[in-house]
Amino acid sequence: MAQAEVQMEMEIICCSLCLDLLKEPVTIPCGHSYCMSCIKAHWDKEDEKKLHSCPQCRKTFTPRPVLVKNTMLTDLVEKLKKGLQAAPADHCYAGPEDVACDFCTGRRLKAFKSCLVCLASYCEKHLQPHYDVPPLKKHKLVEPSNKLQENICSHHDEVMKIFCRTDQQCICYLCLMDEHKGHDTVSAAAERTERQRELEGSRLNIQQRIQDREKDVKLLHQEVEAINLSADKTVEDSEKIFTELIRLFEKRSSDVTQQVRSQQRTEVSRVKELQEKLEQEITELKRNDAELQKLSHTEDLNQFLLNYPSLSPLSESTDSSSINIRPLSYFEDITAAVSEIRDKLLDFLREKWTNVLLTVIEVDVLPSLSEPKTRAGFLKYSRELTLDPNTAHRQQLLLSDGNRKATLMSEQQSYSIHPDRFSECLQVLSRESLTGRCYWEVEWRGEGVIVAVAYKNISRKGAGEECIFGINNKSWALTCVKNGYILFHNKVQTPVSGPQSSRIGVYLDHNAGILSFYSVSETMTLLHRVQTTFTRPLYAGLWLLYSSGDTVELCKRQ
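In this text, all values refer to a predicted model and were calculated from it rather than measured experimentally.

**Observations regarding the packing of aromatic side chains**
Line of reasoning, step 1. For the structure on display, the rule yields nine aromatic pairs.
Line of reasoning, step 2. Between F378 and Y507 the ring centres are 5.3 Å apart and the planes differ by 75 degrees, which places this aromatic pair in the edge-to-face class. Placement of the pair is F378 in helix α11 (residues 375-379) and Y507 in strand β19 (residues 503-509), with a sequence separation of 129 residues.
Line of reasoning, step 3. A relative accessible area of 1% means that F378 is categorised as buried.
Line of reasoning, step 4. Plain terms: the ring middles of Y455 and W476 are 5.8 Å apart, the flat faces sit at 90 degrees to each other, and that makes the pair edge-to-face. Placement of Y455 in strand β15 (residues 448-455) and of W476 in strand β16 (residues 475-481) is noted, with a sequence separation of 21 residues between them. Per residue, the accessibility class of Y455 equals that of W476, and both read buried.
Line of reasoning, step 5. Among the aromatic residues, those joined into a cluster by ring pairs are F378, Y381, Y439, Y507 and Y518.
Line of reasoning, step 6. A cation sits over an aromatic face here: R536 above Y455, 5.4 Å from the ring centre.

Here you go:
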């Protein structure tokens with residue numbers, strides 16, 4: 001009842017021209033009321049006719065009436081506005097984007113529900129019969145919709161309650177007797193039920209994926225924090241280490257400076273002492289020389305003979321052998337020694353600094369990518385490797401081609417003694433360490449070769465199991481001979497089948513613990529894959545097995 005009263009009042013105080021609440025309401029002689037601006041605009045258009053009419057009853061007025069504000073209507077409008085502001089939102093009028101009630105007259109209220117049977121939308125007032133009248137209670141009410149007409153068949157103007165599975169569209173019962181005759185059809189409700197089950201299944205799947213992705217996002221967020229913490233700590237620790245090194249070099253520089261200055265003072269003091277002694281001797285000699293010169297000019301024989309014995313005797317002369325004038329290279333030996341230290345440090349840094357930078361570049365905290373499927377995919381991770389001369393067997397391995405190629409020699413080689421050198425096994429390791437994802441290829445010629453990876457701390461002295469590739473837990477080795485392959489690790493041998501090839505590809509995913517060996521020809525064939533956990537950087541290893549002249553080479557990056 002209250003809603004009906006509000007609607008009636010709204011209809012009374014609405015302007016029939018703008019259909020909105022009266023603004024500055026005026027009442028013209030016929031009794032109808034309008035917004036002052038609306039009726040002025042209407043009459044302005046009629047000025048040429050010299051005849052002014054009421055837009056509702058068409059009564060005419062001559063001359064044009066004078067408009068006077070209706071104070072009573074103005075107060076009523078203000079009171080009603082306040083009442084509308086306090087009224088529930090459902091009593092508001094429909095805007096351009098709202099679904100309007102199809103049964104309201106004048107300015108229409110927002111629809112509260114739409115009926116799929118009536119194909120109409122209702123405000124709360126006009127919806128009430130659907131709650132009270134028994135036949136209408138069976139109608140399907142849904143949220144207000146502007147698309148009710150889409151439920152009507154455009155050909156037969158009937159409600160479409162049937163779904164044609166053949167054509168995947170909704171149809172009416174007349175369509176079923178016509179162009180859809182013989183098609184696979186069900187009721188729209190049945191199809192909706194089935195699709196609803198599929199939809200729920202899809203939603204469950206999506207919700208599960210959302211949960212999984214949210215977990216992944218959370219893990220990645222934690223990973224970002226861990227990366228930042230690790231990076232900050234690494235930078236802090238590195239700066240501390242380099243600061244310590246700088247201080248150490250400054251201390252060593254200060255020590256050298258102090259030693260040089262101390263020795264400088266000692267040597268200068270010794271030289272000055274000798275210099276003063278010589279200068280005193282020179283002064284004495286000059287004095288004696290002057291006395292002798294004076295005596296030599298005395299003509300009185302008696303005076304000459306009388307004064308001659310009284311001349312001061314010469315002091316003992318400084319031994320000239322004590323004055324050892326050395327070449328001008330007093331402290332140059334120290335400069336040479338410091339320069340030698342500098343050169344050795346630079347060589348060491350050149351060798352190790354690349355590994356430091358590669359370790360930084362290859363930091364990989366995300367889950368490892370799947371192993372490549374093509375050679376082109378593997379070559380994206382290709383590494384340029386060289387052999388370390390300090391690890392090559394001391395007698396029979398000759399390195400060449402920029403330390404990429406090793407040849408088994410019958411004559412002994414003249415390598416220097418080095419703690420990293422394999423003393424008995426015909427093996428050699430790469431100079432570069434291997435972490436992250438990397439790939440390299442080995443080309444071999446001869447009777448056989450072992451392609452391996454090993455930790456740096458593999459033993460080098462002797463020919464025991466702790467030194468041999470594949471016979472300990474610090475190395476993995478693929479033996480390649482003309483009649484097949486065998487993989488060795490920690491004394492366990494695994495026969496491997498695959499096509500023979502003079503080129504072997506090795507793929508390492510250090511973080512994922514994957515080591516794969518491939519036979520490389522026109523295509524790549526997986527020979528064996530190792531799945532384990534690597535605890536430290538690896539190094540590529542090679543071992544020539546049989547005859548002198550056999551070669552093995554780390555191929556250039558392509």
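**What to know about the pattern of salt bridges**
Line of reasoning, step 1. Taken as a whole and assessed by the stated rule, the structure comprises 22 salt bridges.
Line of reasoning, step 2. In this structure, the salt-bridge partner of D47 is R64, at a minimum N-O distance of 3.1 Å. Residue D47 is located in the loop between α2 (36-46) and β3 (52-53), and its partner R64 is located in the loop between β4 (60-61) and α3 (71-86); the two are separated by 17 residues in the primary sequence.
Line of reasoning, step 3. Across the pair K110 and D98 runs a salt bridge, and its minimum N-O distance is 4.0 Å. Of this pair, K110 sits in the loop between α3 and β5 (113-115) while D98 sits in the loop between α3 and β5, placing them 12 residues apart in sequence.
Line of reasoning, step 4. Classification of K110 by relative accessible area gives partly exposed; the value is 30%.

**Points about the state of the cysteines**
Line of reasoning, step 1. As enumerated under the stated definition, the model contains zero disulfides in all.
Line of reasoning, step 2. Not part of a disulfide, C467 finds its nearest cysteine sulfur in C425, a span of 5.4 Å.

**Some points on a nonpolar patch on the surface**
Line of reasoning, step 1. A surface patch of nonpolar side chains, about 1,100 Å² in accessible area, is lined by I241, F242, L245, I246, L248, F249, I341, L345, L346, F348, L349 and W353.
Line of reasoning, step 2. Only α8 (188-296) and α10 (332-361) provide two or more residues apiece to the nonpolar patch.
Line of reasoning, step 3. You can see F249 is positioned in helix α8.
Line of reasoning, step 4. The partly exposed category is assigned to F249, whose relative accessible area is 45%.

**Overview of the nonpolar core**
Line of reasoning, step 1. Judged by nonpolar contacts, the single largest core of 51 residues is most densely connected at W440, F469, L478, I504, L515 and F517.
Line of reasoning, step 2. Broken down by element, this core gets its largest block of residues, seven residues, from β15.
Line of reasoning, step 3. Excluding its chain neighbours within four sequence positions, the residues that come into contact with L515 are V453, W476, V506, Y507, L508, H528, R529, V530 and F534.
Line of reasoning, step 4. In this structure, V26, C35, C38 and I39 belong to the second largest nonpolar core, which totals 19 residues.

**With respect to empty space enclosed by the protein**
A water-sized probe rolled over the atoms picks out the places where empty space is left.
Line of reasoning, step 1. Applying the stated criterion to the full structure yields two cavities of 30 Å³ or more.
Line of reasoning, step 2. Quantified by volume, the largest cavity comes out at close to 60 Å³.
Line of reasoning, step 3. Lining the largest cavity are 11 residues, and of these S382, E441, C555, K556 and R557 lie nearest its centre.
Line of reasoning, step 4. Of all the secondary-structure elements, those providing two or more residues to the lining of the largest cavity are α11 and β14 (437-445).
Line of reasoning, step 5. Ranked by residue count, the leading element in the lining of the largest cavity is β14, at three residues.
Line of reasoning, step 6. Classifying every residue of the lining of the largest cavity by side-chain character gives four nonpolar, two polar and five charged.

**A short note on the UniProt feature "coiled-coil region" (unreviewed entry) in the chain**
Line of reasoning, step 1. Taking the numbering used here, the UniProt-annotated feature "coiled-coil region" (unreviewed entry) corresponds to residues 261-295.
Line of reasoning, step 2. Here residues 261-295 runs as 100% helix and 0% strand, with 50 Å between its end C-alpha atoms.

**Some points on the sheet that holds strand β8 (residues 162-164)**
Line of reasoning, step 1. The strand order across the open sheet built from three strands is β9-β8-β10, with neighbouring strands paired in antiparallel fashion. Each of the sheet's edge strands pairs with one partner strand only, and the pair in question is β9 (169-171) and β10 (185-187). Averaged over neighbouring strand pairs, the angle between their axes works out to 35 degrees when direction is ignored.
Line of reasoning, step 2. The pairing of β8 with β9 spans three bridges and is classified as antiparallel. What sits directly across from C164, in β9, is Q169.

Here is what the cut-offs are and how they apply
Residues numbered from 1 in each chain as written. Predicted model: local features only at pLDDT ≥ 70, side-chain atom pairs only at ≥ 80, totals over all residues. Heavy atoms only, no water. Phe/Tyr/Trp six-rings, centres within 6.5 Å; stacked < 30°, edge-to-face > 60°. Helix = DSSP H or I, 4+ residues; strand = E, 2+ residues; numbered from the N terminus. Buried < 20%, exposed > 50% of the residue type's maximum accessible area, 1.4 Å probe, protein only. Lys NZ or Arg CZ within 6 Å of the ring centre and 35° of its normal. Salt bridge = Lys/Arg side-chain N within 4 Å of Asp/Glu carboxyl O. Disulfide = S-S within 2.5 Å. Patch = residues over 30% accessible without salt bridge, like charges linked within 9 Å, V, L, I, M, F, W, Y side chains within 5 Å. Areas by Shrake-Rupley, 256 points an atom, 1.4 Å probe, with all protein chains shown as cover. Core = buried A, V, L, I, M, F, W, Y, C linked by side-chain atoms within 4.5 Å. Contact = heavy atoms within 4.5 Å. 1 Å grid on protein atoms, 1.4 Å probe; cavity = no way out; pocket = protein on both sides within 12 Å on 5 of 7 lines; lining within 4 Å. Points joined across faces, edges and corners; volume = space filled by probe spheres on them. Nonpolar A, V, L, I, M, F, W, Y, C, P; charged D, E, K, R; others polar. UniProt positions renumbered as here; feature names shortened; annotations may be inferred. Pairing = 2+ DSSP bridges. Axes fitted to C-alpha atoms, helices over the stretch in contact; angles between N-to-C directions.

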